[in-house]
Amino acid sequence: MKKVKLTYFILLFSICGFSQNGTPETAFWRLANVDGEVSLGNFYWNQQITRDFFKEELESSFFTGSLFLNTKSYFWHPNFLELDLDVGYSPETGQRLSLVTPDRNEVNTLKKVNARALLFQHNAFNVKAFLNFNENYNNRENLTNLKSDFKNWGTVLNYTNKYLPFTVSYQSGVGEQLELQTNRSYTTEHTNLEGSASKSFGANDRHQFRYSYSKYLYENSFLDPNQENYIVKNDINSWTLNSYVFLDAKKNYSINSLVSNENQQGNFNYKRFQVSENLFFKLPSHFNWANNYSYFDVQGDLQQSKQHNIISTLSHQLYESLNTSISYEYNDVSNTQYSELINRAIFDVKYTKKIPLKGRLTLSYRFVNNNQDRKSEDTFLNIQNEEYTLTDGQIILLNTQNVDIASVIVKDATGSIIYQLNVDYILIDRNEYLEIQRVPGGQISNNETVFIDYTAIQPKSYQFTALTNYFTSTISFWNSAIQFYYNTSKQDYVNPVNIDYLTLNYFNQKVYGSRFKFKFVSGGIEYDDYKSTIIPYKLTRYYLVLQGNLRKKLFFTVNGTVRDYQMIVEEGMKQKYYNISGNVFYNFNTKTRLFLEASYLKQEGEGIDLDLTTARAEFSTRFRQLFFSVGVELYKNIFYNENIDFKKLTIRIARKF
């Protein structure tokens, strides 16, 4: 009897939670919505591959078919238990097509089953569970064909209330990925358990606690199975406590506290404890005073480091035109292999002024006095988890010089994925430094953050004071329709001590540029002359953007960028990057349209040679629920000694329901 009463209570609770939106009909099970698509198509493609003295031509023509179905249903009531199901099967998009053609523009899903269950979704207490199975063929950056098989499942429990709202989630999954050209294969397994809770004791405070446990396994068949990191396993436990408190009723004074701890165990052992305190005071006469204290305790397999960092900044705003600030930073690092003390003083001033022709003049100046004193007994320095963001067209140097190139290990944020030299990234000698660049089509995407371990030879002790001046100026007219700017910076050193094995970066940089924006056209040109003792260069950059529409029928976007590096390190060395892309939509009416898309990417220089052209056109129309499309795709890629020339014609008819 008690079980029956409990069942009625749960059902009544779910209905009441949904009553504000109206009460749908109740039923043991009801199918609320069904939609989907069934299609037939024909593909013809031709591909020619030239590699050194090898030449191959492939072509094929065949029919395809697919069925996709989406359903939404519920048990008893939508707020009690709702089920969403998304399934798809495309048997003829198959393996042969994806193995031998670039497939540059679409993800062809062969099999998928995605299910989601929502329990009490409109109540304060609700639960969501999901299960996904996907097998597909796609590509990475139009360069690398992939066959992927992923499975993941999990649940999220959420309870919203005014006392202690919290969320608990669990997710687990496995994945297999094969690079079809290189035969590199990867197996990944991950498990994540995470919980968070928030609490406020009044109107002037809020606090949040988060705990996470993650387990990663990564297997790379491209590596030598005898290597220790052929299979990488890492377990990560972490927690974070974040508190924000206003110290007065007007909220002029505040303190923000962050305490976090991360413990990673496995192939790469790593511990990190952090405390950060931020104090902010809004003072009279338009003064602000910001203060920060941070403490870091980092332990790795090879070293331990403790760091104290203090930053204090006093700023002042005079009307809207003049902003000034002065900062002082104290940084004390105690490492297993060295100790380092940094004192840095910074002065900033920025002035803005309205001028005729709806213009504005902006001037800014910064002066930095940086004193660094390092003491060390070892000549070999082991660096772990140094963070970098790899961006195409930008020169990224490792922070430390005299690096042993054989010791470099590049990883993802979890430390589980180990990227491959000359496949995912390249290293280039730049005087006493190493430059790192990602390889297009590899596992590292553009603008991705990586973590690097390496060993470097360092002098036992050194000391210097670096004086750096920065000046920027911008003048604009007609509400920034036209802008001209000039930036200059210079760095010098005072009283350097024991720098025989240390290359200091004396630099003098001048940047000239202009940019414009007029209706649908914008662009600019910039010249950067960077004289440096480490990696001097001269860079000319051009860019143009066309974006707009004509009578709401024709929509277009064209982007073009050229980066021309001259005299990198020494005369005669060059790197050039060309990137042009665009697309055009033309709507004949609400049912018929034409889509054109094209891109050109070219890179010239040491280790980056690439010439890639892609183009695609598609005409589509519909009659009631029947959809027709005809498409043409062109692809031409020259990458090192490989030349691929690909053409494809597609005809497709689909019935949506």
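Here, every reference points to the structure presented above.
Residues numbered from 1 in each chain as written. Predicted model: local features only at pLDDT ≥ 70, side-chain atom pairs only at ≥ 80, totals over all residues. Heavy atoms only, no water.

Q: Please clarify how the pairing of strand β28 (residues 554–566) should be interpreted in this entry.
A: Two strands pair when backbone bridges link them, and strand β27 (residues 537–550) and β28 are joined in this way by 13 bridges, in the antiparallel orientation. Along β28, the bridge assignment pairs L539 with Y565. Connecting β27 to the next strand, β28, in antiparallel fashion are three residues, including R551 with a positive phi near 55°. With 13 bridges connecting them, β28 and strand β29 (residues 574–587) associate as antiparallel partners. Residue pairing in the sheet places L554 in a bridge with Y586 of β29. (Pairing = 2+ DSSP bridges. Helix = DSSP H or I, 4+ residues; strand = E, 2+ residues; numbered from the N terminus.)

Q: Can you help me understand the nonpolar core in this one?
A: Generally speaking, nonpolar side chains in soluble globular proteins are found buried as a group. Ranked by internal contacts, the top residues of the largest apolar core, which has 24 residues, are V408, V410, I436, I452 and Y454. Residues in contact with V410, not counting those within four places in the same chain, are I417, I418, Y419, Y425, I436, I444, V450, F451 and I452. One finds L539, Y565, I568 and Y577 within the second-largest nonpolar core, a separate group that totals 15 residues. (Core = buried A, V, L, I, M, F, W, Y, C linked by side-chain atoms within 4.5 Å. Buried < 20%, exposed > 50% of the residue type's maximum accessible area, 1.4 Å probe, protein only. Contact = heavy atoms within 4.5 Å.)

Q: Would you mind going over the pattern of salt bridges with me for this structure?
A: A side chain with one charge may pair with a side chain of the opposite charge, provided their charged atoms come close. Taken as a whole, this structure holds 24 salt bridges when the rule is applied. Across the pair K72 and E82 runs a salt bridge whose closest N-O atoms are separated by 3.4 Å. Of this pair, K72 sits in strand β2 (residues 54–76) while E82 sits in strand β3 (residues 81–89), and the two are 10 residues apart along the sequence. For K602, the salt bridge is made with D611, and the minimal N-O distance between the two is 3.2 Å. Note on accessibility: K602 and D611 belong to one class, buried. Among the ionic contacts, a cluster of salt bridges with common partners joins K72, E82, D84 and R116. (Salt bridge = Lys/Arg side-chain N within 4 Å of Asp/Glu carboxyl O.)

Q: Before we go on, may I ask you to explain the pairing of strand β17 (residues 359–376) in this structure?
A: If a strand is regular, its side chains alternate between the two faces of the sheet. For strand β16 (residues 338–355) and β17, the ladder comprises 18 bridges, and the chain directions are antiparallel. Bridge assignment links A345 to a residue of β17, and that residue is N369. A loop of three residues connects β16 with β17, the two strands running antiparallel in sequence, and L357 in this loop sits at a positive phi of about 60°. Bridge count between β17 and strand β23 (residues 461–477): 16 bridges; the pairing is antiparallel. Bridged to L363 within β23 is S473.

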